[in-house]
Amino acid sequence: VAGIEVGDRVAAFPAVSCGSCEMCQRGYDELCPSLQLIGTHRPGAYAQYVAVPARNLHAVPEGIGPVEAAALALAGTVAMNQLTRAGLRPGDWILVQGASSALGSVTAALARHLGGRVIATSRVPAKRERLRSLGMAAVLDATEEGFTTQVREITGGRGVDVAVDDLGEPRIWAATMDALAPGGTVVSSGAFLGRQVSVNLQRLYSLGQRIVGVRTGNLASIPLLWAAVEAGVRPVVDRSFPLADASAAHRYVENDSNVGRVALLVT
């Protein structure tokens, strides 16, 4: 292939699209009808070697180790696609619900790099302390009574311009919508805590708000992400496990113990 040499350090975006369908041609390859995920539809998860299309690879900048690269390769592209689709601008207030997760923490870091003023949330006090140490503009608990009032006070009464809610929990979703400014956008890329939520359509159209679903990252988000990494964006890494301890890594994540990415290392 062209542009990549044997021995190059690269990161693979694991969503493989056909490249020729209407959605791929429109730049929405994440919506390709034949989209396949490496490790789900194609072999490659927890493997020392894997074959991937060259277009899914990007050189890893100097100074970025394997664990950081793993934390960025998928979550970083998803976050970049989210923020691009939402139209985040420098100076915008952005709410990141569940910001202690692997995806949420990268989204918050990337939003800060792009000039956003980040309000991060977590329901766990220890995780909120960790988020504060990362330099967020504010760190809150979205399930706390008075959450919306706090957001309004922080944003000068207006609310947030962009909100990222990958949780889908009805109470948190309601808090997200209540905190959204006129003309604001909510992005959803997950429903880990629920799938059915309520939407006040009258408020939605009266305030000119948007709800945008973003399935995953896409090919266009790959170079944008790694350019941001070159400029200094770094993921939040919780810890890594050797491949032989994959079951322990799963238990650790399932116990909701992590702040940021948990990675497996092949040594």
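The notes below deal with the structure included here. Each residue is numbered by its place in its chain's sequence as written, counting from 1. Totals for whole chains, interfaces and linings use every residue, but because this is a predicted model, local features are given only for residues with pLDDT of at least 70 and side-chain atom pairs only at 80 or more, for both listing and counting. Note that the side-chain values use all heavy atoms of the structure and ignore hydrogens as well as water.

Focus: the overall build of the protein chain
For step 1, the next point in the chain: Looking only at helices and strands, one finds ten helices and twelve strands in the protein chain.
For step 2, the next point in the chain: To get the radius of gyration, use the C-alpha atoms; to get the globule rule, take the number of residues to the power 0.38 and multiply by 2.2 Å. Against the globule reference of 18 Å for 267 residues, the protein chain gives a C-alpha radius of gyration of 19 Å, in line with a compact fold.
For step 3, the next point in the chain: Dimensions along the principal axes, computed over C-alpha positions, put the protein chain at roughly 55 × 45 × 35 Å.
For step 4, the next point in the chain: Only protein chains enter the area calculation, which uses a 1.4 Å probe; residues under 20% of their type maximum are buried, those over 50% are exposed, and those in between are partly exposed. Expressed as a percentage of its 267 residues, the buried residues of the protein chain come to 45%.
For step 5, the next point in the chain: Whether two residues touch is decided by their heavy atoms; if any such pair falls within 4.5 Å, the residues are in contact. Contacts in the protein chain between residues far apart in sequence, at least 24 positions, make up 65% of those at least 6 positions apart.
For step 6, the next point in the chain: Only the protein chains shown count as cover for residues, with accessible areas throughout obtained via the Shrake-Rupley method and a probe of 1.4 Å. When the accessible surface of the protein chain is summed, it comes to about 13100 Å², and 52% of that surface belongs to carbon and sulfur atoms.
For step 7, the next point in the chain: By the counting scheme adopted, Arg and Lys are positive, Glu and Asp are negative, and His together with the chain ends is not counted. Just so you know, the charge point we use is NZ for Lys, CZ for Arg, CG for Asp and CD for Glu. Averaging the positions of the 24 positive and the 23 negative side-chain charges in the protein chain gives two centres separated by 2 Å. Per the convention used, a helix needs a DSSP run of H or I reaching at least four residues, while a strand needs a run of E reaching at least two, with both numbered from the N terminus.

Comments concerning helix 4 (residues 102-113)
One full turn of an α-helix is made of 3.6 residues, so residues set three or four places apart face in the same direction.
For step 1, the next point in the chain: For a helix, the expected span equals 1.5 Å multiplied by the number of residues minus one. The terminal C-alpha atoms of helix 4, which comprises twelve residues, lie 17 Å apart, in line with the 16 Å expected from a rise of 1.5 Å per residue.
For step 2, the next point in the chain: Among all positions in helix 4, only Ala102, Leu103, Gly104, Ser105, Val106, Thr107, Ala108, Leu110 and Ala111 are buried.
For step 3, the next point in the chain: Among the residues trailing helix 4, Gly115 stands out with phi positive, at a value near 100°.

Digging into helix 3 (residues 75-86)
For step 1, the next point in the chain: The end-to-end C-alpha distance of helix 3 is 16 Å, a good match for the 16 Å that twelve residues give at a rise of 1.5 Å each.
For step 2, the next point in the chain: When you tally the buried positions in helix 3, you get ten out of twelve residues, the bulk of the element.
For step 3, the next point in the chain: Buried residues of helix 3: Ala75, Gly76, Thr77, Val78, Ala79, Met80, Asn81, Gln82, Leu83 and Ala86, and no others.
For step 4, the next point in the chain: Backbone geometry just downstream of helix 3 places Gly87 in the positive-phi region, at approximately 75°.

Considering the pattern of salt bridges
For step 1, the next point in the chain: We count a salt bridge whenever a side-chain nitrogen from Lys or Arg sits within 4 Å of a carboxyl oxygen from Asp or Glu. By the definition in use, this model includes eight salt bridges.
For step 2, the next point in the chain: The residue Glu22 makes a salt bridge to Arg26 at a minimum N-O spacing of 4.0 Å. Considered together, Glu22 and Arg26 belong to a single accessibility category, that of exposed residues.
For step 3, the next point in the chain: One salt bridge in this structure joins Arg85 and Glu30, with 3.7 Å as the shortest N-O distance. A residue pair is termed long-range when its members are at least 10 positions apart, and Arg85 in helix 3 and Glu30 in the loop between helix 1 (22-25) and strand 3 (36-37) qualify at 55 residues.

Remarks on the packing of aromatic side chains
For step 1, the next point in the chain: Stacked, edge-to-face and tilted are the three classes for Phe, Tyr and Trp ring pairs, Trp counted by its six-membered ring, which pair at centre distances within 6.5 Å; planes under 30 degrees apart are stacked, over 60 edge-to-face, the rest tilted. For the coordinates displayed, the defined rule picks out one aromatic pair.
For step 2, the next point in the chain: Seen from their ring centres, Phe241 and Tyr252 are 5.8 Å apart, and the 55° between their planes marks the pair as tilted. Residue Phe241 is located in strand 11 (residues 237-242), and its partner Tyr252 is located in helix 10 (residues 246-254); the two are separated by eleven residues in the primary sequence. No difference in accessibility class separates Phe241 from Tyr252, as the two residues are buried.
For step 3, the next point in the chain: A positively charged side chain is recorded as over a ring if its NZ (Lys) or CZ (Arg) lies within 6 Å of the ring centre. The angle to the ring normal must also be within 35 degrees. Directly above the aromatic system of Tyr252 lies the positively charged group of Arg239, at a separation of 5.2 Å from the ring centroid.

Quick word on the side chain of Ser189
For step 1, the next point in the chain: Its location among the elements puts Ser189 in the loop between strand 9 (180-188) and helix 8 (201-206).
For step 2, the next point in the chain: Given a relative accessible area of 17%, Ser189 falls into the buried group.
For step 3, the next point in the chain: One polar contact links Ser189 to Gln82, side chain to side chain, over a distance of 2.9 Å.
For step 4, the next point in the chain: Here the side chain of Ser189 touches Val214 through a polar contact of 2.7 Å, landing on its backbone oxygen. Pairs of N or O atoms are called polar contacts if they sit within 3.5 Å, as long as, within protein, a hydrogen donor faces a hydrogen acceptor (for residues adjacent in sequence, only side-chain-to-side-chain pairs).

Let's talk about the side chain of Thr155
For step 1, the next point in the chain: With respect to the helices, strands and loops of the structure, Thr155 is situated in the loop between helix 6 (147-154) and strand 8 (160-164).
For step 2, the next point in the chain: From its side chain, Thr155 meets the backbone oxygen of Val151 in a polar contact 2.8 Å long.
For step 3, the next point in the chain: In contact with Thr155, not counting residues within four places along its chain, are Trp93, Ile119 and Val160.

Structural notes on the pairing of strand 12 (residues 261-265)
For step 1, the next point in the chain: At least two bridges found by DSSP between two strands is the condition for calling them paired. Pairing of strand 11 with strand 12, which is carried by five bridges, proceeds in the parallel orientation. Note that in strand 12 the partner of Arg239 across the bridge is Val262.
For step 2, the next point in the chain: Here is how to tell: hold the view so the strands point away, follow the path from the first strand over the helix to the second, and if it runs clockwise the crossover is right-handed. In this view, the connection linking strand 11 to its parallel neighbour strand 12 by way of helix 10 has right-handed handedness.

What to know about the packing of helix 3 against helix 9 (residues 221-230)
For step 1, the next point in the chain: For helices, the fitted line uses only the C-alpha atoms of the stretch in contact; every axis is such a line through C-alpha atoms, and the angle between N-to-C directions lies from 0 to 180 degrees. Between helix 3 and helix 9, whose axes approach to 9 Å, the crossing angle comes to 105°. Considering the angle they form, helix 3 stands roughly perpendicular to helix 9. Every residue of helix 9 that contacts helix 3 at Gly76, Thr77, Met80, Asn81 and Thr84 is listed here: Ser221, Ile222, Leu224, Leu225 and Ala228.
For step 2, the next point in the chain: In the scheme used here, Gly and all other residues not listed as nonpolar or charged are polar, with Ala, Val, Leu, Ile, Met, Phe, Trp, Tyr, Cys and Pro taken as nonpolar and Asp, Glu, Lys and Arg as charged. For the contact of helix 3 with helix 9, the class distribution of residues is five nonpolar, five polar and no charged. An angle counts as roughly parallel when it lies under 35 degrees, as roughly antiparallel when it exceeds 145, as roughly perpendicular when it falls between 65 and 115, and as oblique in every other case.

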